[in-house]
Amino acid sequence: MLRQRILTALVLAPLALLGLFGLSGLPFALFTGAIVLIGAWEWANLAGFERQLPRLAFVAACAVAMFLLWLSGAVHQPWPLWLGMLGWLANLYWVVRYPRRHEQWQSCTVRLGMGLWVLLPCWIGFVQLRGDGAAWLLFVLLLVWVADIGAYFAGRAFGRRKLAVHVSPGKSWEGVYGGMVAVAVLALIFAQWQGAAGSEALWLMVLSLPVVLISVLGDLFESMLKRQRGLKDSSHLLPGHGGVLDRIDSLTAAIPLFVLLRPWLG
């Protein structure tokens, strides 16, 4: 398994870096859109569709929605991101209440709707963030990765209180706090790299913390759907890593919120 993970990372990491930081405008939108559409194919399985035809139909519906969002200019507007945040409030409620309220989202139709308000705002957020420059895109990617690493080590060392025992028994509140501390350090380093003043560095650190929290929610939400379906991974597309959704679940929540907070950073 470790060998598979390393080989997959060695192949995909250069391609991902080239696509994320070597492209801009429409090519970048097409690149990230392709990733999100693969996630949509996996999401249809989480929604309860095992056959290929309905899964492909959901992918096609998402592709048409992306095309219309781009054509209308809505991809550059904040309102789809705000709609996505309303969806994440519902996701938070269901994660906190799981398994007591699972009947509210059990139908395949509702779970497909979940996919729309999770995946499309994520893609829009990527497009808008890249439009602000590569530095902010790099920061939010590092934010999610550093938070995950900090949470892992803090949870291993100090984890006592379970975060969501019915959804993901391995996660703890101590892990969340460790991730927040790690991201606070990252924000200070990033601010220094960008030549920001002390007050700006502090503000970046403060605004990064809610993004950490919602990234944890993104991870928990996908874990809840997989648990309900009896799946360990969203797919086996990436050997040793599971599926695309397993790699971007935290980003689906973190990217839209960070883009909405981004104007406050100046």
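Position numbers for residues count from 1 along each chain, tracking the sequence in the order it is written. The predicted nature of this model means local features are confined to residues of pLDDT at least 70 and side-chain atom pairs, given and counted, to a pLDDT of 80 or more, with totals for whole chains, interfaces and linings taken over all residues. Excluding hydrogens and water, the side-chain values take into account all heavy atoms of the structure.

Asks: Describe unusual backbone geometry, naming the residues involved and giving the relevant values.
Replies: With an omega of 5 degrees, the peptide bond running from Tyr98 to Pro99 counts as cis. Within the secondary structure layout, Pro99 lies in the loop between helix H4 (79–97) and helix H5 (108–131). Helical segments are the DSSP runs of H or I of at least four residues, strand segments are the runs of E of at least two, and each set is numbered from the N terminus.

Asks: For the environment of Ala157, give the residues involved together with the corresponding values.
Replies: With respect to the helices and strands, Ala157 occurs in helix H6 (residues 134–158). Residues Ala157 and Gly178, 21 residues apart in the sequence, show an inter-C-alpha distance of 9.9 Å.

Asks: Now, about the nonpolar core: what can you tell me, with residues and values included?
Replies: In terms of nonpolar packing, the biggest core is built from 80 residues, with Trp43, Trp123, Phe126, Phe139, Phe221 and Met224 touching the most fellow members. For this core, the element with the most residues is helix H8 (residues 198–229), which contributes 13 residues. Only heavy atoms matter for contacts: two residues are in contact if any of them lie within 4.5 Å across the pair. Beyond its immediate sequence surroundings of up to four residues, Met224 is in contact with Trp94, Val95, Tyr98, Trp105 and Val167. Residues grouped as a nonpolar core are buried Ala, Val, Leu, Ile, Met, Phe, Trp, Tyr and Cys residues, joined through side-chain atoms within 4.5 Å. Exposure is judged per residue with a 1.4 Å probe applied to protein chains only, and the accessible area is read against the type maximum: over 50% gives exposed, under 20% gives buried, and values in between give partly exposed.

Asks: Account for the packing of aromatic side chains, with residues named and values stated.
Replies: Between rings of Phe, Tyr and Trp, where Trp is taken as its six-membered ring, a pair exists when centres lie within 6.5 Å; planes separated by under 30 degrees are stacked, by over 60 edge-to-face, and by other angles tilted. For the structure on display, the rule yields twelve aromatic pairs. Relative to Phe258, the ring of Trp136 has its centre 5.9 Å away and its plane inclined at 50 degrees; by these criteria the two rings are tilted. Highlighted residues: Trp136 in helix H6 and Phe258 in helix H9 (residues 244–261), separated in sequence by 122 residues. Here Phe258 falls in the buried class, since its relative accessible area comes to 3%. Pairwise contacts between aromatic rings join Trp136, Phe139, Phe190, Trp193 and Phe258 into one cluster. The ring centre of Trp41 lies 3.8 Å from the NZ or CZ of Arg55, which sits over that ring. Here, a charge over a ring is recorded when the distance from Lys NZ or Arg CZ to the ring centre is within 6 Å and its angle to the ring normal is within 35 degrees.

Asks: Could you give an account of the confidence of the model for the protein chain, with specific residues and numbers?
Replies: A score from 0 to 100, pLDDT tells how confident the predictor is in each residue. Taken as a whole, the protein chain shows an average pLDDT of 93; of its residues, 99% reach a score of 70 or greater. Within the protein chain, the lowest mean pLDDT, 81, falls on helix H1 (residues 2–22), and the highest, 97, falls on helix H3 (residues 52–72).

Asks: So what's going on with the pattern of salt bridges? Residues and values would help.
Replies: What makes a salt bridge here is a side-chain nitrogen of Lys or Arg within 4 Å of a carboxyl oxygen of Asp or Glu, nothing more. A full pass over the atoms with the stated rule returns six salt bridges. With a closest N to O distance of 3.6 Å, Arg229 and Glu50 form a salt bridge. Placement of the pair is Arg229 in helix H8 and Glu50 in the loop between helix H2 (25–46) and H3, with a sequence separation of 179 residues. Accessibility expressed as a relative area gives 57% for Glu50, which makes it exposed.

Asks: So, H4: which residues are in play, and what are the values?
Replies: Each α-helix winds once per 3.6 residues, and so residues spaced three or four apart point in a common direction. Its 19 residues place the ends of H4 28 Å apart at the C-alpha level, agreeing with the 27 Å of an ideal helix rising 1.5 Å per residue. Buried residues of H4: Pro80, Leu81, Gly84, Met85, Gly87, Trp88, Asn91, Trp94 and Val95, and no others. Where H4 is buried, its residues meet H5, H8 and H9. One less than the number of residues in a helix, times 1.5 Å, gives the span that helix is expected to have.

Asks: Please provide a residue-by-residue account of H8, values included.
Replies: Along its 32 residues, H8 runs 48 Å from first to last C-alpha, staying within 8% of the 46 Å computed at 1.5 Å per residue. In the segment just after H8, Gly230 is the residue with positive phi, at about 75 degrees.

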